[in-house]
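Next come the chains, spelled out residue by residue.
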Amino acid sequence: MSKTRTNIMVCGGTGCLASDSEKVAKNLELIIKARGYEEEAKVIQTGCFGFCEQGPIVKIEPDNVFYVRVGPKDAKDIVDEHIVKGRKVERLLYKEPHHNKKIGKQEDMEFYKKQLRIALRNCGLINPEDIYEYIALGGYEALGKALTQMSRDEVVKEVKESGLRGRGGGGFPTGVKWEITKSQESEVKFIICNADEGDPGAFMDRSILEGDPHSVIEAMAIGGYAIGADKGIVYIRAEYPLAISRLKTAIKQSRELGLLGKNIFDSDFSFDIDIKFGAGAFVCGEETALINSCEGKRGEPDFKPPFPAQEGYWGHPTNVNNVETFANIPPIITKGSEWFSSIGTEKSKGTKVFALAGKINNVGLVEVPMGTTLREIIFDIGGGIQGGKKFKAVQTGGPSGGVITEEYLDTPIDYDSLLSIGSMMGSGGMIVMDETDNMVNIAKFYLEFTMDEACGKCAAGRIGTKRLYEILNKITSGKATMADLDALKQLSYMVKGSSLCGLCQTAPNPIISTMKHFWDEYLAFIKDVDHSQGEGEYDGAKNKDNLMLKA
Amino acid sequence: MKSLTKPQAISVTKPVSEELPKEKFDELEEFIDNMETTKGALIEILHKAQNIFGYLPRDVQLYIARKLGIPGAEVFGVVSFYSYFTTKPNGKHTISVCMGTACFVRGADKIIERLKEKLEVESNEITEDGLFTLKDVRCVGACGLAPVVMVDDKVFGRVKEEDLDDIIEAYRS
């Protein structure tokens, strides 16, 4: 072992790299060397710490001091003051916005206090390019346990009893999915990791792959063992170069140590993983579309049934799970389903990672137990609204979700409660909007996205989303009448009811929910409404009922 | 698996031209010939081809189709489906404006409008001098820095409308 006494952890996530964290790390290394401390202090590039708003992040271990917004020029002070003299660099400490106090320790920060990290457990803690660091923190223990002490049925049972549900958005129980794929009689089966994160503003899957790629590899091997697949595929966006390169490194290291390959842990189980690249299509997050894309074809969805578990990749039974779902598997196997199911709400167990963004003070990646309220996430962890403005709404579920207003902020969130208030969990994007945001424009923004991304296979999705967008455009350019609002609403429900797959079935959700909660903002654009009477006075209340506009 | 196929052993004429030199076709051919199987590999091959040529013009698509023994329409169907593939050449520098939701609510729509005015192009178009391609892209994942503009691989965060001139000028020289 080296005699390193201090580790300097520099965030190497995409967000921090974009603000020069690479240069920070280089400067730190150079100055440490110049001062002759290279034996004692080591610079490590980690995965995402999650606190992207304050990046680049530098954390000194074991002193447990957390520096924020560190620039390349600050490297000198960190080395000279902290490493050499043992004094904290006050000016780089995080300042809590509401009481102006400087905070040095990560666990004292409001941003981290209410978080519970299971899927992100190693992000920011280890060097993702060193398999031994993952192993040192209990990595591959779960795979060893599954292969040497558990039968296939026991693995499936453990996952089923944990209550883990798919984190990609659907919320289907993972254990049940595994059970169905396992029960198929076939020589050849596949397990696929869906890393085609398409929701604009969500980046949890990328951060996990960048910060802790081995947890996904380990989980895929466990899943492969459970369902009887010897081949895994990671389907990842080509736009994630860093995640791809770290994943490749991790797969190579696992092969070298025999954790992928033939007869893993001297069992009769062999498993290997391939990477397939997406090419920028939101619809490929849908499992049947994803499988078509893996086969090199247009990523259009197919009718279900048959489900991928029955007929998937090249016609073989295939199990598709999301990155975050996989990241939860190793701790479930080592700590047991009872531990996992003790966290969360009755029907949604464990934690959920959210990408908190928009008009909020602390943009970043947060992981909280299911059942945490939106108010806690936005105001305690997220530090409230930027610039002291007023909260207006939060959009969860990305382009498939809806807006949630102030009155629902105290709802404990899980899969079912979000659906009941007109939104959905989705992959975990959480966009906060303040009083200056116009909600019709937000709906139009999402529809432009789904219109572009609709694959064109079904008429409802192909034509419907385009017409919805056109009507929204007419509204925001001030040319629409009340009849257009009526058409917008009717068409929304029509597209919702008749589209082939999840993408377009949920595409009208941003319209439906903004019409429900922000009707006045739609009215303000309409030309045949007499605005001089003030919004409250408008006799459209009667008109609304006539046109069956109330949701 | 037994059902996997080997690459087509047929010889295919390379539609070489000034913009599409022979060496680039040779590189692509070598890549395809060295694949264990070409079954299901079309997207992978297109990624490689775009990497080599910078874009996927009609002749390159047809070359790949003949090489794999599949209809050209199938290749074009895949190319046109995915936003990552482009059939037009790019400018010397690519200016990408993140149009993810986080950037949108922090004003990315105004940023791209200004850029369109300044560069006198629409999205996915190349400037007259061939220097810049303007692109609207989905979430680059630096939401903490929203709104984000990327020039090639360099990320500019928390961009304001008045910063744009400086950013463009830095790449003009």
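Residues numbered from 1 in each chain as written. Chains lettered and ligands numbered in written order. Predicted model: local features only at pLDDT ≥ 70, side-chain atom pairs only at ≥ 80, totals over all residues. Heavy atoms only, no water.

In this section: the nonpolar core. Counting residues in hydrophobic clusters, the biggest one holds 115 residues, and the most contacted among them are V155, W178, I222, F271, I333 and I378 of chain A. Per-element tally for this core: the top contributor is helix α10 (residues 213-227) of chain A, with 9 residues. The next biggest cluster of nonpolar side chains, apart from the first, holds 48 residues, and it includes V320 and L503 of chain A together with V78 and F85 of chain B. (Core = buried A, V, L, I, M, F, W, Y, C linked by side-chain atoms within 4.5 Å. Buried < 20%, exposed > 50% of the residue type's maximum accessible area, 1.4 Å probe, protein only. Helix = DSSP H or I, 4+ residues; strand = E, 2+ residues; numbered from the N terminus.)

Residues and elements named next belong to chain A. Extensive coverage of strand β7 (residues 190-195) is indicated by the burial of 6 of its 6 residues. Residues F190, I192 and N194 line one face of β7 and the alternating positions I191, C193 and A195 line the opposite face, and both faces are buried. Where β7 lies against strand β10 (residues 318-322), 5 bridges are found, and the strand directions are parallel. Among the inter-strand pairings, N194 is bridged to a residue of β10, identified as N322. Looking at chain direction, β7 and strand β8 (residues 231-236) are connected through 6 bridges and run parallel. Its bridge partner lying in β8, I191 is registered against G232. (Pairing = 2+ DSSP bridges.)

Right, let's get into unusual backbone geometry. Residue and element names in this part refer to chain A. Of the consecutive residues E61 and P62, the connecting peptide bond is found in the cis state with omega at 5°. By the secondary structure assignment, P62 is in the loop between β3 (58-61) and β4 (65-67). With an omega of -5°, the peptide bond running from K304 to P305 counts as cis. Relative to the helices and strands, P305 resides in the loop between α12 (287-294) and β10.

Time to look at the state of the cysteines. Residues and elements named next belong to chain A. Overall, the coordinates contain 0 disulfides over all chains when judged by the stated rule. Of the cysteine sulfurs around C193, a residue in no disulfide, the closest is that of C294, at 10 Å. A residue is classified by how much of its surface remains accessible, and C193, at 0% relative accessible area, is buried. (Disulfide = S-S within 2.5 Å.)

The tally for this structure, following the rule as stated, stands at 21 aromatic pairs over all chains. Note on F51 of chain A and F111 of chain A: the rings are 4.1 Å apart at their centroids and 10° apart in plane angle, and the pair reads as stacked. Of the two residues, F51 of chain A is situated in the loop between β2 (41-46) and β3 and F111 of chain A in helix α4 (residues 110-113); the sequence distance between them amounts to 60 residues. Like F111 of chain A, F51 of chain A is buried. For the pair Y84 of chain B and F85 of chain B, a centre-to-centre distance of 6.4 Å together with 75° between the ring planes defines the contact as edge-to-face. (Phe/Tyr/Trp six-rings, centres within 6.5 Å; stacked < 30°, edge-to-face > 60°.)

On to the pattern of salt bridges. Residue and element names in this part refer to chain A. All told, the structure shown has 54 salt bridges over all chains when counted by the stated rule. Here D74 makes a salt bridge to R91, at a shortest N to O gap of 3.0 Å. Here the residue D74 occupies a position in the loop between β4 and α3 (75-84), and R91 occupies one in the loop between α3 and β5 (94-95), the gap between them amounting to 17 residues. The class for D74 is buried, based on a relative accessible area of 12%. Owing to a relative accessible area of 48%, R91 belongs among the partly exposed residues under this scheme. (Salt bridge = Lys/Arg side-chain N within 4 Å of Asp/Glu carboxyl O.)

Moving on, we get to the interface of chain B and chain A. Facing 31 residues of chain B, the contacting portion of chain A comprises 53 residues. Of the roughly 3,200 Å² buried between chain B and chain A on both sides combined, carbon and sulfur atoms contribute 62%. At the boundary of chain B with chain A, the tally comes to 4 salt bridges. A salt bridge links R138 of chain B to D452 of chain A, with the shortest nitrogen-to-oxygen separation between them at 3.3 Å. At the junction of chain B with chain A, the criterion picks out 15 residue pairs in polar contact (both at pLDDT 80 or more). When residues of the side of chain B that touches chain A are traced back to their parent elements, those giving at least two are α2 (42-53), α4 (72-81) and α5 (101-105) of chain B. Of the residues contributing to the side of chain B that touches chain A, the split by class is 18 nonpolar, 9 polar and 4 charged. (Contact = heavy atoms within 4.5 Å. Buried area = accessible area lost by both parts, 1.4 Å probe. Polar contact = N/O pair within 3.5 Å; in protein donor to acceptor, adjacent residues only side chain to side chain. Nonpolar A, V, L, I, M, F, W, Y, C, P; charged D, E, K, R; others polar.)

Before going further, it helps to spend a moment on the packing of helix α3 (residues 58-68) of chain B against α4 of chain B. Residue and element names in this part refer to chain B. One can describe the packing of α3 onto α4 by two numbers: an axis separation of 8 Å at closest approach and a directional angle of 125°. Judged on the interaxial angle alone, α4 and α3 are oblique. Our pair here, α3 against α4, has a crossing hand that is right-handed. Residue-level contacts link Q61, L62 and A65 of α3 to G72, V75, F76 and V79 of α4. For the contact of α3 with α4, a count of residues per class yields 5 nonpolar, 2 polar and no charged. (Axes fitted to C-alpha atoms, helices over the stretch in contact; angles between N-to-C directions. Parallel < 35°, antiparallel > 145°, perpendicular 65-115°, else oblique. Left-handed = near helix turned anticlockwise from the far one by under 90°.)

Take α12 of chain A next. Structurally, the α-helix is built with 3.6 residues per turn, so residues lying three or four positions apart point the same way. Burial analysis of α12 of chain A places 8 of its 8 residues in the buried class, the great majority of the element. Those residues of α12 of chain A lying buried are E287, T288, A289, L290, I291, N292, S293 and C294 of chain A. Packed against the buried residues of α12 of chain A are α8 (174-183), β7, β8, β9 (272-277) and β10 of chain A together with α2 of chain B. Just beyond α12 of chain A, the residue with positive phi is G296 of chain A, at close to 85°.

Moving on: the sheet that holds β3 of chain A. Residue and element names in this part refer to chain A. Taken in spatial order, the 4 strands line up as β2-β1-β3-β4 in an open sheet, and their pairing is mixed. The sheet terminates laterally at β2 and β4, the two strands that pair on one side only. Direction aside, neighbouring strands of the sheet carry axes that sit 20° apart on average. Sheet topology note: the strand β1 (residues 6-11)/β2 ladder contains 6 bridges and is parallel. Residue N7 lies in a different strand from β2, and its bridge partner there is K42. Sitting on the sheet, α3 touches β1, β2, β3 and β4, and the angle it makes with β3 is about 20°.

All names here are of chain A. In terms of domain boundaries, chain A breaks down into domain 1 (6-113), domain 2 (131-341), domain 3 (351-434) and domain 4 (439-546). Listed per partner, the contact involves 7 residues of domain 1 and 10 residues of domain 3. In total, domain 1 and domain 3 occlude about 720 Å² of area from one another, counting both sides; carbon and sulfur atoms represent 54% of this. Contact with domain 3 buries area across many residues of domain 1, yet E53, E110 and F111 alone supply 61% of it, more than any other trio. Where domain 1 touches domain 3, the interface holds 0 salt bridges. Put simply, domain 1 and domain 3 have 3 residue pairs in polar contact (both at pLDDT 80 or more) between them. A per-class count over the side of domain 1 that touches domain 3 returns 4 nonpolar, 1 polar and 2 charged. (Domains from an automatic or database assignment.)

A word on the side chain of E286 of chain A. All names here are of chain A. If you trace the backbone, E286 turns up in the loop between β9 and α12. In terms of polar contacts, E286 uses its side chain to reach the side chain of T288, at 2.5 Å. A polar atom in the side chain of E286 sits 3.5 Å from the side chain of K304. Filtering out sequence-adjacent residues up to four positions away, E286 remains in contact with P301, K304 and C501.

Turning our eyes to something else, we now look at the confidence of the model for chain A. Averaged over every residue, the pLDDT of chain A is 93; residues scoring 70 or more account for 96%. A low-confidence stretch, residues 534-551 of chain A stays under pLDDT 50, and its non-local contacts, those more than four residues away or across chains, total 24 contacts. (pLDDT = per-residue confidence, 0-100.)

Turning our attention to the sheet that holds strand β1 (residues 93-98) of chain B. Residue and element names in this part refer to chain B. Judged by pairing direction, the sheet is mixed, and its 5 strands sit side by side in the order β2-β3-β1-β4-β5 without closing on themselves. Of all the strands in the sheet, just β2 (125-126) and β5 (154-156) have a single pairing partner and so form its edges. Pairing of β1 with strand β4 (residues 149-151), which is carried by 3 bridges, proceeds in the antiparallel orientation. Across the sheet, I95 pairs through a bridge with V151, a residue of β4.

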